[in-house]
Amino acid sequence: MRVTPLTLLIPEKRAVPYADDHGLLASTAAWATADEAPAVRLVSGAPGAGKTRLAVELQAQGVRCVWARPGEEPPEHVDGGVIVVDDADAHDPVGLADILARAATTRLLVLARSFGLWWSSAVSSDESGLLESAEHVTLVPAVLDQQSVRAALAERLGVPVPEAAASRPETPLQALESALAEVVGGELWQREQELWPEPEVPAPPEVMLDALAVAVVLDGSIYGDGELERAELLLRVPGLVDADVEVRVALARWVADAYPEGRPESFMWRMAARRLEQRPELAVRLLRELSARRALRALIALARVPGVRLGALIGAEVAALQPVLLNAALTGAARVVDEALAELVGERIRQGVAPSDLLPPIEGLDDDDKALVLPLTMAALAEQDGPPADAAEARRSRAYRLLELGQLEEAATVLREAVALFRVTRGARAGLAGALNNLYICLSGLGRLDEAHAVITEEVELNRVLARNDPGRHDAALAASLSNLSVSLTQRGRAEEALELVREALTFFRGSLEHGPDLAGALANEAHALSRLGRDEEALAGLFQALEIRRRSGDPVKLLLVLSNLTGTLRKAGRVRQAAEVAREIPPVVDGLPPHVARINRPLIAGALFNAGTVLPEDGLAVMEAGIAVQRDLAHEDPDRHGDLLAGMLRDLERASLAQQVEEHLQDPAEVGHPPDVNDDL
């Protein structure tokens, strides 16, 4: 079999020497072969950091490894070896539970990008206690010598070693991809095709490209047992529908030989996406015929490829893919399909087609679900075609969608546009105030406190004018903005002023039964100011009242917020036993959050779990670690916003033990205890 460039990206190829800079391979081999060691070892690391390669090298050292990859059947019992759970955080929960149950008889090496909520859930349902005692190490990407990598790749491909080029890849996979592009001397995919072996039965290059794209999207199914089965899978390639079975068998064998079994990496997905953009009918056919789970995975993977326009890939067949698109939208992956929906649906709506006719299942959804599917499309139409006031409101609608998805930076940009439009629109002061409120929420979440303070101050002044000119109509908006301004003042060390403003808001909310949730938020913000002034007992009275309101409201995110604040304030007041009683409610609330809600609220979840862990007498350390795992993911994505808090959490965790935890954290707790309860109505 001839070696082509892309095959060298598969970890099992061991294309370049392995760098064990931090001794992780040695320690993992010692764990795998020791008589006494934890049954489970967890290894987390960024994509491309080398987690799979670590397990490959472990196997090369003589340790028997059986692989468990997402979408595959769980392996049978392994005597005297290790089950490698690759991409564990992408496994189906039921199948993963079956695999993890093997820890009673077999050692498990669990590889994942992070060990957050999914791992906490697995630990909580494990009756053996083996998962709780697992070792957890973080894989720090090795720094590879790029010239050595170029030399190794050039030797495998039989080409000259190129001259050194300046590059600073962050992970081993990036180093491999960068060096590979330099070694082949140009556009990687063009060079790849030049090195293809010929199939046993000649096939046109266009059909070969289609067959390979199908293999990538099927994510391993092309490697099923039996040549005839593989040939049947290639019936999805239009050019092979009428071909003899011998032709399909030969081409399936060629795919399996040219690209041996292994999870497609980034270059393979780029190839598939490029091909499917040229062949949208093939993309639609594939996604429509796959299972919902596999189609969703393929859709998301293709949409993440740089430069890919998902709308162009899907073409005009949005109706044929509506089950997949709706599944994506309603499971927290909606931002992947928003652009495609706007592009595909928008033109049809301009032509007069009703959304309910274009996407019939939308009619079967409630209003909240509808808001998850078409808001960007409708907003885009109004922004382009409507008068300034409508365009401004459309931007607010789009910003609301972006806020739902946790895209604060993008939402802030859109809201600045809305604010500018409202300022030049007569009679739009109420809309301007609402847009300022939304912008304040975004800026606060981004940590831009000075800019946020200026925005919320302007909103309060505007709401006071509106309330004075039209008594009764704008009082609720004024009270909500006063409550938010109190948060900003407390953050700036002006707690006395904050207390005066939030109590003005409380006067209104206490006199209106319909504003119970707003009352709970204002009570929490009053407690924030009181706690900063050292008046913890007064703060607790308001927080307990807020807790009762949140229990009745049915909003799990707001309930989690007040539980976290109450835990931290009780701990600060020295009422540790009572704090533990409250903290016990936090993990179940976190576990009950829908996946897309959990992802958007990760900063709150990280702080709440960490807070809970500092006071829980049992399992406290595990709960703290669960919070740190979430914070670690955040810090990896945005070190400037989340890195300092992660460092504080890790510092506390290092000092903590189950026996000393309460005492030490009372002395110097990390500042995660009292996030603001902002009014976020749009």
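Parameters at a glance
- Per chain, residues are indexed from 1 in the order of the written sequence.
- Confidence filtering applies because this is a predicted model: local features only for residues at pLDDT of at least 70, side-chain atom pairs given and counted only at 80 or more, and all residues used for totals across whole chains, interfaces and linings.
- For side-chain calculations, the full set of non-hydrogen atoms in the structure is used, while hydrogens and water are omitted.
- Any two strands between which DSSP finds at least two bridges are classified as paired.
- Only DSSP runs of H or I reaching four residues or more are called helices, and only runs of E reaching two or more are called strands; each is numbered from the N terminus.
- Here the axes come from fitting lines to C-alpha atoms, over the contacting stretch only for helices, and the angles between their N-to-C directions go from 0 to 180 degrees.
- Between Lys or Arg on one side and Asp or Glu on the other, a salt bridge is scored when a side-chain nitrogen of the former is within 4 Å of a carboxyl oxygen of the latter.
- A simple rule labels every residue: compare its accessible area, found with a 1.4 Å probe on the protein chains alone, to the largest value its type can have, and call it buried under 20%, exposed over 50%, or partly exposed in between.
- For this analysis, residues touch if any pair of their heavy atoms sits within 4.5 Å.
- Working definition: rings of Phe, Tyr and Trp (its six-membered ring) pair if their centres are within 6.5 Å, and the pair is stacked with planes under 30 degrees apart, edge-to-face with planes over 60 apart, and tilted otherwise.
- Nine residue types can take part in a nonpolar core, namely buried Ala, Val, Leu, Ile, Met, Phe, Trp, Tyr and Cys, and a core is a set of them joined through side-chain atoms within 4.5 Å.
- A helix is expected to span 1.5 Å for every residue after the first.
- What the arc measures is the spread of directions leading from the helix axis to the C-beta atoms.
- For every residue, the predictor reports its confidence as pLDDT, a number between 0 and 100.

Colleague: Can you walk me through the sheet that holds strand β4 (residues 107-112) in this structure?
Modeller: Where strands meet in a sheet, backbone hydrogen bonds hold them as pairs that are either parallel or antiparallel. Strand order in the open sheet formed by five strands is β2-β3-β4-β1-β5, and the pairing between neighbours is parallel. A strand with exactly one partner marks an edge of an open sheet, and here the two such strands are β2 (65-68) and β5 (135-138). When strand polarity is set aside, the average angle formed by the axes of neighbouring strands in this sheet is 20 degrees. Relative to β4, strand β3 (residues 82-85) runs parallel, the two sharing four bridges. In the sheet register, V85 faces β4, and the bridge partner there is V110.

Colleague: Teacher, can you tell me more about the pattern of salt bridges here?
Modeller: A side chain of one charge can pair with a side chain of the opposite charge when the charged atoms of the two come close. Enumeration according to the criterion identifies 21 salt bridges in this entry. In this structure, E497 engages R494 in a salt bridge whose closest nitrogen and oxygen atoms are separated by 2.8 Å. Of the residues examined, E497 reaches a relative accessible area of 38% and is grouped as partly exposed. For the salt bridge of E526 with R503, the shortest nitrogen-to-oxygen distance reads 2.9 Å. Here E526, found in helix α26 (residues 516-532), pairs with R503, found in helix α25 (residues 495-510); they are 23 residues apart in sequence, far enough to count as distant. E526 gets classed as buried once you look at its relative accessible area, which sits at 10%. Residue R503 is classed as partly exposed on the basis of its relative accessible area, which comes to 35%. Here the salt bridges share partners, and the residues they tie into one network are R14, R53 and E57.

Colleague: Would you mind going over unusual backbone geometry with me for this structure?
Modeller: Of note in the backbone geometry, D87 takes a positive phi value of approximately 50 degrees without being a glycine. When you line up the elements, D87 lands in the loop between β3 and α3 (93-100). One non-glycine residue, D619, lies in the positive phi region at around 65 degrees. Along the polypeptide, D619 turns up in the loop between α32 (602-613) and α33 (620-637). Given the relative accessible area of 42%, D619 is considered partly exposed.

Colleague: Even after reading the chapter, I still don't get the environment of G45, so can you show me in this structure?
Modeller: Within the secondary structure layout, G45 lies in the loop between β1 (40-44) and α2 (51-60). What makes G45 buried here is its relative accessible area of 6%. Distance from G45 to L139, taken between C-alpha atoms, is 5.0 Å for residues 94 residues apart in sequence. With residues near it in sequence (within four places) discarded, G45 still touches K51, A112, R113 and L139.

Colleague: I'm lost on the packing of aromatic side chains in this one. Help?
Modeller: The geometry of an aromatic ring pair is captured by the separation of the ring centres together with the interplanar angle, meaning the angle of the planes. Scanning the model with the defined rule gives one aromatic pair in all. Ring centres 5.6 Å apart and planes at 65 degrees place the aromatic pair F508 and F509 in the edge-to-face group. Note on F508: relative accessible area 27%, which makes it partly exposed. A relative accessible area of 2% places F509 in the buried class.

Colleague: Would you take a moment to explain the nonpolar core for this structure?
Modeller: Here is a general trend for soluble globular proteins: nonpolar side chains tend to be buried in one another's company. Counting residues in each nonpolar core, the largest one holds 95 residues, and the members touching the most others are L560, I586 and I605. It is helix α22 (residues 429-445) that provides the largest number of residues to this core, a total of nine residues. Other than its neighbours up to four places away in sequence, I586 contacts L560, L563, S564, T567, A608, L609 and A612. Listed in part, the 29 residues of the second largest apolar core include L212, A215, V217 and L251.

Colleague: Explain helix α23 (residues 449-469) to me, please; I cannot follow it from the model alone.
Modeller: In an α-helix, one turn spans 3.6 residues, which is why side chains three or four residues apart end up on the same side. Helix length check: α23 (21 residues) gives 30 Å between terminal C-alpha atoms against 30 Å at 1.5 Å per residue, within 8%. Turning to α23, its buried residues are A452, H453, V455, I456, E459, V460, L462, N463, L466 and A467. Looking at the buried side of α23, the elements it contacts are α22 and α24 (475-491).

Colleague: Could you clarify how one ought to interpret helix α29 (residues 576-583) in this entry?
Modeller: What α29 keeps buried is the set V576, A579, A580, V582 and A583. Along α29, the residues classed as buried sweep out an arc of 160 degrees about the axis, all on the same side.

Colleague: Help me out: how do you make sense of the side chain of T28 in this one?
Modeller: Mapped onto the secondary structure, T28 falls in helix α1 (residues 24-33). Classification of T28 by relative accessible area gives buried; the value is 0%. Those residues in contact with T28 that lie beyond four places of it in its chain are R41, L54, L58 and L109.

Colleague: How should the confidence of the model for the protein be read in this particular structure?
Modeller: Reading predicted coordinates in detail is not appropriate for stretches of low pLDDT. With 71% of its residues at a pLDDT of 70 or more, the protein shows a mean pLDDT of 76. A low-confidence stretch, residues 220-225 stays under pLDDT 50, and its non-local contacts, those more than four residues away or across chains, total 16 contacts. Across residues 329-336 the pLDDT falls below 50, and counting only partners more than four positions away or on other chains, this stretch makes 24 contacts in the model.

Colleague: Would you explain the environment of I441 in this entry?
Modeller: Note on placement: I441 falls in helix α22. Along the primary structure I441 and A412 are separated by 29 residues, whereas in three dimensions their C-alpha atoms are 8.9 Å apart.

Colleague: Would you take a moment to explain the pairing of β3 for this structure?
Modeller: Within a regular strand, side chains alternate between the sheet's two faces. Side-chain alternation along β3 places V82 and V84 on one buried face and I83 and V85 on a second face that is also buried. Bridge analysis of β2 against β3 gives four bridges, and the strand direction is parallel. Across the sheet, residue W67 finds its bridge partner in β3, namely V84.

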